[in-house]
Amino acid sequence: MDEIKALLASCDLKTHSGIRDYAIVIVLFHTGVRVGELISMSFPDWKNRLLRVDVKTGVRYVPLGLSSLQALERYIRKWNILHDPMWIGKYGPLTTSGVLQMVRRRCTSFGIPYKGVHAFRRSAAAQMKRMGMNDSDIMEIMGWGEVTMLRRYIASVSLELAQSAHSKYSPVGSVLNR
């Protein structure tokens, strides 16, 4: 989480690129969308707080929280985005490569370990699980049909999650009323 905080802090919200990059980082982490899905996204459904993204099998909708909606609204207003494509770079529509370059550049410039853009997706899934979201909701948000994908994504934090659950649901603790 420290790396996400550092990436967000690296975005100067007084500049166009800082506002755009902040919105990208927030959306990537908040929703767990893949970089290709981010690039394909349409304007959010502000009323229902949903994001429409293109996927291999068609379209899926991803819920957006207030922080993502605010970051997107600030970006759209500042960049005067009136229609798709939503993400604009220095020379036109932002590409997958452009997002990868932006994240790598920000990481390098601010001494943050670069783990690739897909790390946002892994971190989002792990954080959702840490916070107690149930498996079926995480799978729906991430667009997974099989629990094996969830297990693969949270494998790096599975011991941490098991220890936390064991502390909360300890058999001895329940007997000794602790």
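The following paragraphs examine the structure supplied in this document. It should be emphasised that the depicted structure is a prediction, and the values quoted were computed from it without experimental measurement.

Analysis parameters
- Counting starts from 1 at the beginning of each chain's written sequence and moves along it residue by residue.
- Local features in this predicted model are restricted to residues whose pLDDT is 70 or higher, and side-chain atom pairs enter the listing and the counts only when it is 80 or higher, whereas totals over whole chains, interfaces and linings include all residues.
- Here the side-chain values reflect all heavy atoms present in the structure, with hydrogen atoms and water set aside.
- Centre distance within 6.5 Å is the pairing criterion for rings of Phe, Tyr and Trp, where only the six-membered ring of Trp is used; planes under 30 degrees apart are then read as stacked, over 60 as edge-to-face, and the remainder as tilted.
- The secondary structure listing takes helices from DSSP runs of H or I that are at least 4 residues long and strands from runs of E that are at least 2 residues long, numbered from the N terminus.
- Only protein chains enter the accessibility calculation, which uses a 1.4 Å probe. A residue is then buried if its area is under 20% of the maximum for its type, exposed if over 50%, and partly exposed in between.
- At least two bridges found by DSSP between two strands is the condition for calling them paired.
- What we call a nonpolar core is a set of buried Ala, Val, Leu, Ile, Met, Phe, Trp, Tyr and Cys residues that are connected through their side-chain atoms within 4.5 Å.
- Residue contacts follow a heavy-atom distance rule, with two residues in contact if any of their heavy atoms lie within 4.5 Å.

### Some points on the packing of aromatic side chains
No. 1: Following the criterion strictly, the structure yields three aromatic pairs and no others.
No. 2: With 4.7 Å between their ring centres and 25° between their planes, Tyr75 and Trp87 make a pair best called stacked. Of the two residues, Tyr75 is situated in helix H4 (residues 66-79) and Trp87 in the loop between H4 and strand E3 (88-89); the sequence distance between them amounts to twelve residues.
No. 3: What makes Trp87 buried here is its relative accessible area of 1%.
No. 4: Each member of the aromatic cluster is reached from another via a ring pair, and the members are Tyr75, Trp79 and Trp87.

### Regarding the pairing of strand E2 (residues 58-63)
Consecutive residues of a regular strand have side chains that alternate between opposite faces of the sheet.
No. 1: For strand E1 (residues 50-55) and E2, the ladder comprises six bridges, and the chain directions are antiparallel. Bridged to Leu51 within E2 is Val62.
No. 2: A loop of two residues connects E1 with E2, the two strands running antiparallel in sequence.

### Some points on unusual backbone geometry
No. 1: Pro85 follows Asp84 through a cis peptide bond whose omega is 0°.
No. 2: One can find Pro85 in the loop between H4 and E3.
No. 3: Phi at Arg49 takes a positive value of approximately 55°, unusual for a residue other than glycine.
No. 4: One can find Arg49 in the loop between helix H3 (35-40) and E1.
No. 5: Arg49 gets classed as partly exposed once you look at its relative accessible area, which sits at 37%.

### Structural notes on the nonpolar core
No. 1: Counting 52 residues, the largest nonpolar core has Leu38, Met41, Tyr75, Trp87, Val99 and Phe120 as the members making the most contacts within it.
No. 2: Here this core gets nine residues from one element, more than from any other, and that element is helix H2 (residues 16-31).
No. 3: With residues up to four places along the chain from it excluded, the contact list for Leu38 reads Ile24, Val27, Leu28, Val33, Trp87 and Val99.

### Quick look at the environment of Arg52
No. 1: Within the secondary structure, Arg52 sits in strand E1.
No. 2: Given a relative accessible area of 30%, Arg52 falls into the partly exposed group.
No. 3: The sequence separation of Arg52 and Leu38 amounts to 14 residues, and the corresponding C-alpha distance is 9.4 Å.
No. 4: In contact with Arg52, other than residues within four places in its own chain, are Met41, Ser42, Val59, Arg60 and Tyr61.

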